[in-house]
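# Analysis of the macromolecular model
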Amino acid sequence: MSRSNKVVVPTCKAALDQMKYEIAAEFGLMTPSYSAGSADTEFAGELGAAPSSGAGRVHWSDISTRQAGSVGGEITKRLIAQAESVLGGGFTL
């Protein structure tokens, strides 16, 4: 089975990014931000290192694979919980 990072619903990207940074903050991975308009954040959105709010930031290249995987796993867990609540949760495999 091949894997793809293709975004199926492009309009959800902002919501997923927000969730990613909220979870990173909950896990203690956020670092204090410098000035909100600093030059080092100019292209950070393209590099995946800029949170949607100016409260802090995550340097994804500085965290371990385990930590990044934990963030991704938590995103998946929360998305499944949201889907189950919307659909009634009566599914079993």
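Bear in mind that the values here come from a model prediction, so they are computed numbers and not experimental data. (Residues numbered from 1 in each chain as written. Predicted model: local features only at pLDDT ≥ 70, side-chain atom pairs only at ≥ 80, totals over all residues. Heavy atoms only, no water.)

## Here we look at the overall build of the protein chain
Test applied: The helix count covers DSSP runs of H or I at least four residues long, the strand count covers runs of E at least two residues long, and both are numbered beginning at the N terminus. Categorising residues by exposure relies on relative accessible area from a 1.4 Å probe, with only protein chains included: less than 20% of the type maximum marks a residue as buried, more than 50% marks it as exposed, and the intermediate range marks it as partly exposed. Only heavy atoms matter for contacts: two residues are in contact if any of them lie within 4.5 Å across the pair. Note on areas: Shrake-Rupley, 1.4 Å probe, and residue coverage restricted to the protein chains presented here.
Helices and strands together make up the secondary structure of the protein chain, namely three helices and two strands. Put simply, the protein chain runs from its N terminus to its C terminus through helices and strands in the order α-β-α-β-α. For the protein chain, with 93 residues in total, the buried portion stands at 17%. Long-range pairs, those at least 24 residues apart, make up 71% of the contacts in the protein chain with a sequence separation of at least 6. Of the accessible surface of the protein chain, which amounts to about 7,200 Å², a share of 58% is contributed by carbon and sulfur atoms.

## Some words on the pattern of salt bridges
The cut-off we apply is this: The working definition used for a salt bridge is a side-chain nitrogen of Lys or Arg within 4 Å of a carboxyl oxygen of Asp or Glu.
This structure, assessed with the given rule, holds five salt bridges. Between D17 and K20 there is a salt bridge whose closest N-O contact spans 3.6 Å. Residue D17 and its partner K20 are both found in helix α1 (residues 13–26); the two are separated by three residues, about one turn of the helix. For E74, the salt bridge identified is with R78, shortest N-O distance 3.0 Å. Of this pair, E74 and R78 both sit in helix α3 (residues 65–87), four residues apart, which is roughly one turn of the helix. If you follow the salt bridges from partner to partner, you end up with E26, E74, K77 and R78 in one network.

## Side note on the packing of α1 against α3
Each packed pair of helices is defined by two parameters, the angle between the axes and the distance between the axes. Here is the rule we go by: Structural elements are reduced to axes, namely lines fitted to C-alpha atoms, with helices fitted over the stretch in contact, and the angle between N-to-C directions of any two is expressed from 0 to 180 degrees. When describing relative orientation, an angle under 35 degrees is termed roughly parallel and one over 145 degrees roughly antiparallel, while 65 to 115 degrees is termed roughly perpendicular and anything else oblique. With the far helix as reference, a near helix turned anticlockwise by less than a right angle produces a left-handed crossing, and one turned clockwise produces a right-handed crossing. Any residue that is not Ala, Val, Leu, Ile, Met, Phe, Trp, Tyr, Cys, Pro, Asp, Glu, Lys or Arg is counted as polar, Gly included; the first ten are nonpolar and the last four charged.
Taken N-terminus to C-terminus, the directions of α1 and α3 make an angle of 120°; their axes are 10 Å apart at the nearest point. Our classification of the angle between α1 and α3 gives oblique. For α1 against α3, the interelement crossing comes out right-handed. Facing L16, M19, K20, I23, A24 and E26 of α1, the residues of α3 in contact are V71, E74, I75, R78, L79 and Q82. Class assignment of the residues belonging to the contact of α1 with α3 gives a composition of seven nonpolar, one polar and four charged.

## Description of the confidence of the model for the protein chain
Rule in force here: Per residue, pLDDT measures the predictor's confidence, with a range of 0 to 100.
Overall, the predicted model of the protein chain reaches an average pLDDT of 76, with 66% of residues at or above 70. The secondary-structure element of the protein chain with the lowest mean pLDDT is helix α2 (residues 44–47), recorded at 50, while α3 shows the highest, at 93.

## Examining α1
We apply this condition: One less than the residue count of a helix, multiplied by 1.5 Å, gives the span that helix is expected to have.
An ideal rise of 1.5 Å per residue puts 20 Å on 14 residues; α1 measures up with 20 Å between its terminal C-alpha atoms. Here α1 has its buried residues at M19, Y21, I23 and A24. Buried residues in α1 make contact with α3. Phi for G28, located one or two positions after α1, is positive at around 75°.

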